[in-house]
Amino acid sequence: MASETEIRPFRVDMPDAAIADLRRRIAATRWPGKELVDDRSQGVQLATSRELARYWTTEYDWRACEARLNALPQFTTEIDGVGVHFIHVRSRHENALPLIMTHGWPGSVIELLETVGPLTDPTAHGGSAGDAFHLVLPSIPGYGFSAEPAELGWYAGRVAQAWAELMHRLGYTRYVAQGGDQGAAVTDAMGRQAPEGLAGIHMNLLVTALGGGAMPADTEQERAALEQTKTFRATGFGYFLEQATRPQTIGYALLDSPLALAAWMLDHDTDAYYKISRAFVGKQHSGGLTRDHILDNITLYWLTGTGASAARSYWESARAQALAAGQAPPPVTVPVGFTTFPGEIFRAPRSWVELGYPTLTYFHEADRGGHFAAWEEPELFATEVRAAFKPLR
């Protein structure tokens, strides 16, 4: 009998019938009337959804995405009772630093694929051999090819513990961690748990400023960031609130209608939405946010049926936060790197980052990129990760 800790090779091979069913469901979509405004203030615009549907059914090729995934070493292993899928690419360079990188929502490992080359083979991307990483890209339980948790408790902190076990299981005794969005919450938790071997962390979303606590507003930069967080909570918070309180309710739509799933995933922050919308309606993509890459990610959610289980991760985080109300979280004791990208939900000022992470050793304001920085600007993102962890080599 196979050991529970066994690491098994994995390949993606979705049945033709599932792809045919996807196209049939898109064709059967009942469309709403056009929004009554000229912007996204009523939600995902009809023209964007119609062009996405047209391209999805007539030009998009899921098999090309499968080939991209299957060209990389993929594995599954059981951790804490849940099957975990991960990509594991070892660098050809000696002394490469092991790095575990966590995706966000509405992302998946798809959003990180273009960073594999720059991070594992830096000499081919303007870096030096001393910048190389052994790269581990796991799928959060309930997302993509990882199994759906069958019990409560899979909040960011438990995922962080699973990642420490994964790195131990892979034989890494010293490693670093990176994350944005949900991945930033997991990486923050890893920094607070400080498992043996974790040498440092890097994030590109400041989760310590999203908890609802008062943040300093003394400087112009701080006041601008505060206004951005207020705007997000007033006009971009719908998906967050629904998933944090009623993930099962929205889950019926996400599992039944491909266009409902697509619209739900597109309706994120304003910057990312308009970039994605232009990729379809204007045929002008922003870096790696191409039509095909966007649909690779949405189709992954659809074919794995993980719309509802991924949404539950927000409910789990909200529940964990409520249970810990009034308790100060453990401090982060490992070195912290942070990059703020101009198109992020809010541009975190250094003062806010230092408040949450007194062990900050690297801070940089990038000149381009947004919430999906690794996806949109993979080369720039890789440069930031290299710079953040350079002192730890």
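For the structure, check the block above.
All values reported here derive from a predicted model rather than from experimental measurement. (Residues numbered from 1 in each chain as written. Predicted model: local features only at pLDDT ≥ 70, side-chain atom pairs only at ≥ 80, totals over all residues. Heavy atoms only, no water.)

1. Describing the nonpolar core
Piece 1. Residues W56 and I298 are the most contacted members of the largest nonpolar core, which totals 117 residues.
Piece 2. Here this core gets 8 residues from one element, more than from any other, and that element is helix α5 (residues 156-169).
Piece 3. Contacts of W56, omitting those with residues within four sequence positions, involve L22, I26, P258, L259, A262, L295, I298 and T299. (Core = buried A, V, L, I, M, F, W, Y, C linked by side-chain atoms within 4.5 Å. Buried < 20%, exposed > 50% of the residue type's maximum accessible area, 1.4 Å probe, protein only. Helix = DSSP H or I, 4+ residues; strand = E, 2+ residues; numbered from the N terminus. Contact = heavy atoms within 4.5 Å.)

2. A few points about the pairing of strand β8 (residues 336-340)
Here is the key point about a regular strand: its side chains alternate between the two faces of the sheet.
Piece 1. Of all 5 residues making up β8, 5 are buried, and the element is well covered by its neighbours.
Piece 2. Neither face of β8 is exposed, since V336, F338 and T340 on one face and G337 and T339 on the opposite face are all buried.
Piece 3. Pairing between strand β7 (residues 198-203) and β8: 3 bridges, direction parallel. If you follow I201 over to β8, its bridge partner there is V336.
Piece 4. Summarising the sheet, β8 and strand β9 (residues 360-365) pair through 5 bridges and their orientation is parallel. When the bridges of β9 are listed, F338 appears paired with F363. (Pairing = 2+ DSSP bridges.)

3. Describing the layout of surface pockets
Over the atoms rolls a probe the size of a water molecule, and in doing so it shows where empty space is left.
Piece 1. Put simply, the largest pocket is a space of about 1400 Å³.
Piece 2. Along its surface, the largest pocket is lined by 42 residues, and D188, V207, G211, S317 and Q321 are the ones closest to its centre.
Piece 3. Going through the elements one at a time, α5, α6 (182-193), α7 (220-235), α8 (238-245), α13 (307-323) and α14 (350-356) are the ones with two or more residues in the lining of the largest pocket.
Piece 4. Element by element, the count of residues in the lining of the largest pocket is highest for α6, at 6 residues.
Piece 5. Of the voids in this model, the second largest pocket is the one considered here, and its volume is about 460 Å³.
Piece 6. Taken together, 23 residues make up the lining of the second largest pocket; nearest its centre are P32, S49, L259, A260 and A263.
Piece 7. Broken down by secondary-structure element, the contributors of at least two residues to the lining of the second largest pocket are α2 (46-58), α9 (247-256) and α10 (258-266).
Piece 8. Of the residues in the lining of the second largest pocket, the class split is 12 nonpolar, 6 polar and 5 charged. (1 Å grid on protein atoms, 1.4 Å probe; cavity = no way out; pocket = protein on both sides within 12 Å on 5 of 7 lines; lining within 4 Å. Points joined across faces, edges and corners; volume = space filled by probe spheres on them. Nonpolar A, V, L, I, M, F, W, Y, C, P; charged D, E, K, R; others polar.)

4. Section: helix α11 (residues 270-282)
Piece 1. Where α11 is concerned, the buried positions are A272, Y273, K275, I276, S277, A279 and F280.
Piece 2. Elements that come into contact with the buried residues of α11 comprise α2, α10, α12 (291-304) and α15 (373-376).

5. Structural notes on the sheet that holds β7
Piece 1. Read from one edge to the other, the open sheet built from 9 strands follows the order β1-β2-β3-β5-β4-β6-β7-β8-β9, with strand pairing classed as mixed. The open sheet has two free edges, formed respectively by β1 (8-9) and β9, since each of these has just one partner strand.
Piece 2. Across 2 bridges, the pairing between β1 and strand β2 (residues 74-79) is antiparallel. If you follow P9 over to β2, its bridge partner there is F75.
Piece 3. Set on the sheet, α6 makes contact with β4 (97-102), β6 (175-179) and β7; between it and β7 the angle comes to about 150°. (Axes fitted to C-alpha atoms, helices over the stretch in contact; angles between N-to-C directions.)

6. Observations regarding the side chain of T102
Piece 1. Within the fold, T102 resides in strand β4.
Piece 2. In this structure T102 comes out as buried when scored by relative accessible area, which is 2%.

7. With respect to α2
Piece 1. An ideal rise of 1.5 Å per residue puts 18 Å on 13 residues; α2 measures up with 18 Å between its terminal C-alpha atoms.
Piece 2. Turning to α2, its buried residues are L46, T48, S49, E51, L52, A53, Y55 and W56. (Expected span 1.5 Å × (residues − 1).)

8. Notes on empty space enclosed by the protein
Piece 1. Going through the model one piece at a time under the given rule, you end up with 3 cavities of 30 Å³ or more.
Piece 2. By volume, the largest cavity amounts to about 100 Å³.
Piece 3. Within the residue set of the lining of the largest cavity, elements represented by two or more residues are β6 and α15.
Piece 4. Looking at the lining of the largest cavity residue by residue, the classes come out as 5 nonpolar, 8 polar and 2 charged.
Piece 5. The volume enclosed by the second largest cavity comes to roughly 60 Å³.
Piece 6. Looking at the lining of the second largest cavity, the elements with two or more residues in it are α10 and α12.
Piece 7. Ranked by the residues each element gives to the lining of the second largest cavity, the list is headed by α12, at 3 residues.
Piece 8. Broken down by class, the residue content of the lining of the second largest cavity amounts to 8 nonpolar, 1 polar and no charged.

9. Brief notes about unusual backbone geometry
Piece 1. Here the bond from W105 into P106 is cis, since omega is 5°, no more than 30 degrees from zero.
Piece 2. Mapped onto the elements, P106 comes out in the loop between β4 and α4 (116-120).
Piece 3. Even without a glycine there, the phi angle at N95 is positive, about 60°.
Piece 4. Examined against the element boundaries, N95 turns out to sit in the loop between β3 (82-89) and β4.

10. Quick word on the packing of α8 against α9
Two quantities define a packed helix pair, namely the angle between the axes and the distance from one axis to the other.
Piece 1. The contact between α8 and α9 brings their axes to 6 Å, and the two run at 110°. In terms of orientation, α8 lies roughly perpendicular with respect to α9. Contacts between α8 and α9 involve E242, Q243 and T245 from the former and P247, T249 and I250 from the latter.
Piece 2. Its residues placed into classes, the contact of α8 with α9 shows 2 nonpolar, 3 polar and 1 charged. (Parallel < 35°, antiparallel > 145°, perpendicular 65-115°, else oblique.)

Everything listed here is a matter of coordinates, which is why it stays silent on function.
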